[in-house]
Amino acid sequence: MEIANFWVYFAARPLFWIVVTLVSFMVATWINRKAGGTALLHPVFVAMLMIISVLLLTQTDYSTYFEGAQFIHFMLGPATVALAIPLYDHLARIRRLLLPILVTCVTGSIFAAATTLAVGILMGGDARLLLSLAPKSVTSPIAIGISEQIGGYPSLSAGLALLTGVIGCLTAPAVFRLLRLKSDAAMGFALGLSAHGFGTAYAVQTSAIAGAFAGLAMGLTGVLSSLLIPPLVRLFGL
Amino acid sequence: MIQGVLILLLCQLAGELLMVWLGVPIPGPVAGMLILLLGLMIYGKVPDALRVPSEWLIRHLSLLFIPAGVGLMVFAELLAQHWLLVILSILVSTVLTLILTAWMMQKLEQRQLGRSKARGDR
């Protein structure tokens with residue numbers, strides 16, 4: 001009884017869930033490093049599983065958790081704005097490659113959503129789920145907006161975008177090796193376009209140029225997708 | 001440091017307001033990023049007060065995704081039912097998109113750089 005009261009007291013404090021999130025991330029980062037940095041145990045993925053387990057074990061619902069975690073979530077906004085700095089640092093190179101950037105980004109944004117829908121339709125998924133999947137390559141805050149607009153589940157889209165990020169980081173090294181890719185700019189751009197913030201976080205670790213191009217691809221894909229995905233899903237008859 | 005954080009927040013706020021005003025479905029933070037980029041281009045350099053908090057945020061970007069990611073638990077039932085579709089469609093699409101865009105970008109980059117070199121305007 002005593003311990004139960006103690007738990008209720010602590011769990012009610014938003015601070016508690018911030019601490020849980022940070023500790024989980026640190027432990028997950030440590031596990032990832034011990035495992036040789038494999039993308040299969042991506043720190044974010046491991047931390048998510050750990051937190052979900054804690055929430056299930058303590059029978060805490062997501063909204064209670066989010067009361068605390070929203071303070072971490074909030075920083076996603078300024079962090080997105082901050083991506084203007086690596087962009088500015090590499091502006092000369094980006095300017096020189098403006099045409100390839102635009103062409104690749106328009107093609108890639110359409111392709112990413114179209115292939116997802118195509119596989120989903122082939123497997124006979126229901127419309128609402130497919131609509132939530134469509135903006136999967138778009139950074140979570142934009143994916144939420146697009147999903148709302150086309151009639152998916154906004155919060156599911158945010159989660160699926162994260163799943164895409166993890167899968168993107170997992171498969172990217174093999175894909176780049178297969179393509180014998182040498183250009184850091186192309187690596188970063190593909191990562192930011194296919195796996196948004198996760199890809200960008202991954203590209204930043206590779207090199208500054210890869211990071212800058214990833215940030216650019218993420219922002220541009222977000223902007224273009226919010227314009228291109230609504231007409232695209234109509235084209236697929238959803 | 002505080003000035004830098006303030007600049008980031010102001011850009012985000014300006015982005016949010018501008019998009020609401022224009023009625024464009026682009027999220028505020030992305031609009032804020034474009035506004036900040038424009039501001040930096042006009043100003044001509046990145047002040048240290050802005051660079052320090054920005055690079056700190058970018059370095060810890062992946063941590064910031066966790067709260068939203070935990071939200072997947074709300075859809076546990078739906079995902080348990082359709083997990084194969086979800087995983088397969090994401091996996092197939094992501095791998096194909098990575099291949100297409102990385103290949104396209106490298107090819108176009110080589111062509112573009114080759115052309116600028118030939119013209120001698122590096």
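Remember, predicted model here, so these are calculated numbers, not experimental data.

1. Concerning the pattern of salt bridges
For the structure on display, the rule yields three salt bridges over all chains. Linking aspartate 89 of chain A and arginine 51 of chain B is a salt bridge whose minimum nitrogen-to-oxygen distance equals 2.9 Å. On the criterion of chain membership, the pair formed by aspartate 89 of chain A in helix α6 (residues 84-89) and arginine 51 of chain B in helix α3 (residues 48-59) is interchain, its members lying in two chains. Taken together, the salt bridges that share partners define one network made up of Asp89 of chain A together with Arg51 and Glu55 of chain B.

2. Some words on the domain arrangement of chain B
How large an interface is tends to be reported as the accessible area lost when its parts come together. The domain architecture assigned to chain B consists of domain 1 (1-59) and domain 2 (70-122). Computed over C-alpha atoms, the centres of domain 1 of chain B and domain 2 of chain B are 26 Å apart.

3. Observations concerning α3 of chain B
Given 3.6 residues per turn, any residue in an α-helix points the same way as the ones three and four places further on. An ideal rise of 1.5 Å per residue puts 16 Å on twelve residues; α3 of chain B measures up with 16 Å between its terminal C-alpha atoms. Of all the positions in α3 of chain B, only Leu50, Pro53, Ser54, Leu57 and Ile58 of chain B are classed as buried. Down the axis of α3 of chain B, the buried side of the element spans an arc of 135°, and every buried residue falls inside it. Structural note: α3 of chain B exposes Asp48, Val52 and Arg59 of chain B on the side pointing more than 90 degrees away from its buried face. Here the buried face of α3 of chain B lies against α5 (76-82), α6 and α12 (184-206) of chain A together with α1 (2-22) and α2 (28-43) of chain B.

4. Thoughts on the side chain of threonine 80 of chain A
As for its placement among the helices and strands, threonine 80 of chain A is situated in helix α5. Residue classification places threonine 80 of chain A among the buried residues on the basis of a relative accessible area of 7%. Apart from the residues lying within four places of it in its own chain, the contact partners of threonine 80 of chain A are Pro29, Val30 and Met33 of chain B.

5. Observations concerning the packing of helix α2 (residues 14-34) of chain A against helix α4 (residues 62-74) of chain A
Residue and element names in this part refer to chain A. Packing of α2 against α4 brings their axes to within 7 Å, and their N-to-C directions diverge by 65°. Comparing the axis directions of α2 and α4 gives the class roughly perpendicular. Crossing geometry of α2 relative to α4 is assigned as right-handed. Contacts between α2 and α4 involve Pro14, Trp17, Ile18, Thr21 and Leu22 on the former and, on the latter, Thr64, Tyr65, Glu67, Gly68, Ala69, Phe71 and Ile72. When grouped by side-chain class, the residues that make up the contact of α2 with α4 number eight nonpolar, three polar and one charged.

6. Quick notes on the domain arrangement of chain A
All names here are of chain A. For chain A, the assigned domains are domain 1 (2-74) and domain 2 (81-235). The distance between the C-alpha centroids of domain 1 and domain 2 comes to 27 Å. Contact with domain 1, which involves five residues of that partner, is made by five residues of domain 2. Both faces considered, domain 1 and domain 2 share a buried interface measuring about 510 Å² in area, 90% of it formed by carbon and sulfur atoms. Here domain 1 and domain 2 share zero salt bridges between them.

7. Some words on the interface of chain A and chain B
Contact residues are listed per partner, giving 99 residues for chain A and 70 residues for chain B. Interface area for chain A against chain B, summed over the two sides, is near 7700 Å², with a carbon-plus-sulfur share of 84%. At the surface where chain A touches chain B, the tally comes to two salt bridges. For the pair chain A and chain B, the interface holds 13 residue pairs in polar contact (both at pLDDT 80 or more). At 13 residues, helix α11 (residues 154-178) of chain A tops the list of elements feeding residues into the side of chain A that touches chain B.

8. Focus: the packing of aromatic side chains
Residues and elements named next belong to chain A. All told, the structure shown has six aromatic pairs over all chains when counted by the stated rule. Each ring, one from tryptophan 17 and one from tyrosine 65, has its centre 5.9 Å from the other, and the planes form 75°; the classification is edge-to-face. Pair noted here: tryptophan 17 is in helix α2 and tyrosine 65 is in helix α4, with a separation of 48 residues, a long-range link. Residue class for tryptophan 17 comes out buried when judged on its relative accessible area of 0%.

9. Remarks on the UniProt feature "transmembrane region" (unreviewed entry) in chain A
With numbering matched to this structure, UniProt assigns "transmembrane region" (unreviewed entry) to residues 6-28, 40-58, 70-88, 97-123, 158-179, 186-204 and 210-233 of chain A. For residues 97-123 of chain A, the helix share is 93%, the strand share is 0%, and the end-to-end C-alpha distance is 39 Å.

10. Concerning a nonpolar patch on the surface
Together, Leu122 and Met123 of chain A together with Trp83, Leu84, Ile87, Leu88, Leu91, Val92 and Leu96 of chain B give the surface a local cluster of nonpolar side chains, amounting to about 800 Å² of exposed area. Among the elements that take part in the nonpolar patch, helix α5 (residues 76-119) of chain B stands out by supplying seven residues, more than any other. Residue placement: valine 92 of chain B occurs in helix α5.

So, how was this worked out
Residues numbered from 1 in each chain as written. Chains lettered and ligands numbered in written order. Predicted model: local features only at pLDDT ≥ 70, side-chain atom pairs only at ≥ 80, totals over all residues. Heavy atoms only, no water. Salt bridge = Lys/Arg side-chain N within 4 Å of Asp/Glu carboxyl O. Helix = DSSP H or I, 4+ residues; strand = E, 2+ residues; numbered from the N terminus. Domains from an automatic or database assignment. Expected span 1.5 Å × (residues − 1). Buried < 20%, exposed > 50% of the residue type's maximum accessible area, 1.4 Å probe, protein only. Arc of directions from axis to C-beta. Contact = heavy atoms within 4.5 Å. Axes fitted to C-alpha atoms, helices over the stretch in contact; angles between N-to-C directions. Parallel < 35°, antiparallel > 145°, perpendicular 65-115°, else oblique. Left-handed = near helix turned anticlockwise from the far one by under 90°. Nonpolar A, V, L, I, M, F, W, Y, C, P; charged D, E, K, R; others polar. Buried area = accessible area lost by both parts, 1.4 Å probe. Polar contact = N/O pair within 3.5 Å; in protein donor to acceptor, adjacent residues only side chain to side chain. Phe/Tyr/Trp six-rings, centres within 6.5 Å; stacked < 30°, edge-to-face > 60°. UniProt positions renumbered as here; feature names shortened; annotations may be inferred. Patch = residues over 30% accessible without salt bridge, like charges linked within 9 Å, V, L, I, M, F, W, Y side chains within 5 Å. Areas by Shrake-Rupley, 256 points an atom, 1.4 Å probe, with all protein chains shown as cover.

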